[in-house]
Amino acid sequence: MVDNHQKTCTHCLRPAVYLDRVREIHLCREHLMAFVEGQVLAHLEKTNLPPVIGIAFSGGKDSTALLKAFCRIHNDLPCSFLAMTVDEGIEGYRQDTIRAAEEICRVLGVPHHIIRFQDVFGHSLDQLVAGSERNACTICGILRRRALEILARRLEIRVIATGHNQDDHAQTAIMNAISGDEKKIFSGFAESDWYARRIKPFARVSEREVTLYAILNGLFHDLPECPYAVSSLRGEVRTLLYRYELKHPGSMRNAARCEEEIRQRLGGSFTRNPYQACVSCGWPGSGRVCQVCKVLNDTWTGEDKADHI
Ligand SMILES: [Zn+2]
Ligand SMILES: [Zn+2]
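Computed from a prediction, not measured in an experiment: that's the story for all the values here. (Residues numbered from 1 in each chain as written. Chains lettered and ligands numbered in written order. Predicted model: local features only at pLDDT ≥ 70, side-chain atom pairs only at ≥ 80, totals over all residues. Heavy atoms only, no water.)

Draft legend 1. Just the coordination of the zinc ion (ligand 1), in detail. Surrounding the zinc ion (ligand 1) are the protein donor atoms Cys9 (SG), Cys12 (SG), Cys28 (SG) and His31 (ND1), which sit 2.0 to 2.3 Å from the metal. Taken together, the four donor atoms coordinating the zinc ion (ligand 1) span angles of 101 to 116° at the metal, a pattern that classifies the geometry as tetrahedral. For the zinc ion (ligand 1), all donor residues lie on one chain, and their spacing in sequence is C-x2-C-x15-C-x2-H. Separated by 16 residues along the polypeptide, Cys12 in the segment before β1 (16-20) and Cys28 in strand β2 (residues 25-28) bring together distant segments of the chain. Take Cys12: its relative accessible area is 19%, and that puts it in the buried class. (Donors = N, O, S within 2.8 Å, 3.2 Å for Na, K, Ca; no water. Tetrahedral: all angles 85-135°; square planar, octahedral: opposite > 155°, others 65-115°. Helix = DSSP H or I, 4+ residues; strand = E, 2+ residues; numbered from the N terminus. Buried < 20%, exposed > 50% of the residue type's maximum accessible area, 1.4 Å probe, protein only.)

Right under this line is the structure:
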């Protein structure tokens, strides 16, 4: 981190490991960890939760940090939790990350459940995109969401916590704004009793803070990059926002909170399209045939892609 050598923590006399440029304070290891865990706890306490919730655990940095935070504050939590992982079936990449995820859950003593694309859809992601021009990331996102829902139903999980952080929210806010589609800005996903509710306990924690939290807990491993990762609009917006944040600290937080505010205050002013049951699989979706069935039948054209996280 920048310009914080030999600085001491604003709250105590220990050496600082982090400069919060927005609040203009330095934090030591303990106070940075306490800040991150405090944000997670505050988010959970203001949410009405069932006795057990699921953590969407990819094994990546953000979800690993979230799982660790849950474990460290488990005595204060209003619920218990388990970890849920989707194995998309990506040769040469996913086996190692799945193994790492299993090992983390074993060490932390968290119940871990895995669901595989191959088992629920009959094909791995590799097989589904082989020889196809289709965007692997988008297809993966659609199927991963369904796979996670299927696993949640099996486990009777009604609330799923994801590792999305403040930077992800800021990116979504900008992406929605430049899409020019007011429905994306104001409505988001229609609520449905069918789908498990999603919560994002890191919504007010920046990517830098999550990363540092993972490093300080010895959880940051240089995991291989997904071979399907391509330059995307989100990637471009991410780079742009980082540059902006460096020049104008607080921009990222403001963009994220602006989206939250707008959605809370004006979300109800747009009529949401009600879900309708897919004629093929019966799951609720936005059209006659759901996105998942279109992907599996190779008729998906990307026209109804959602840009929410
Ligand atoms: Zn301190
Ligand atoms: Zn369907």
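Following the structure, the description resumes.
Draft legend 2. Up close: the sheet that holds strand β5 (residues 112-116). The five strands lie next to each other as β5-β4-β3-β6-β7, forming an open sheet whose pairing is parallel. Edge positions in the sheet fall to β5 and β7 (197-199), since each has one partner strand and no second. Pairwise comparison of adjacent strand axes, ignoring direction, gives a mean angle of 30° for this sheet. The sheet contact formed by strand β6 (residues 159-161) and β7 spans three bridges and is parallel. Within the sheet, the bridge partner assigned to Val159 lies in β7 and is Arg197. On top of the sheet, helix α2 (residues 61-72) reaches β3 (52-56), β4 (80-87) and β6; it is set at about 150° to β3, its chief contact. Where helix α3 (residues 94-108) meets the sheet, its contacts fall on β4 and β5, and the angle it forms with β4 comes to roughly 165°. (Pairing = 2+ DSSP bridges. Axes fitted to C-alpha atoms, helices over the stretch in contact; angles between N-to-C directions. Contact = heavy atoms within 4.5 Å.)

Draft legend 3. Region of interest: the coordination of the zinc ion (ligand 2). Distances from the zinc ion (ligand 2) to its protein donors, Cys278 (SG), Cys281 (SG), Cys290 (SG) and Cys293 (SG), fall within 2.2 to 2.3 Å. In this structure, the zinc ion (ligand 2) is surrounded by four donor atoms whose angles at the metal cover 107 to 113°, and the resulting shape is tetrahedral. Between the donor residues of the zinc ion (ligand 2), the gaps in sequence give the motif C-x2-C-x8-C-x2-C. Assessed through its relative accessible area of 3%, Cys290 is described here as buried.

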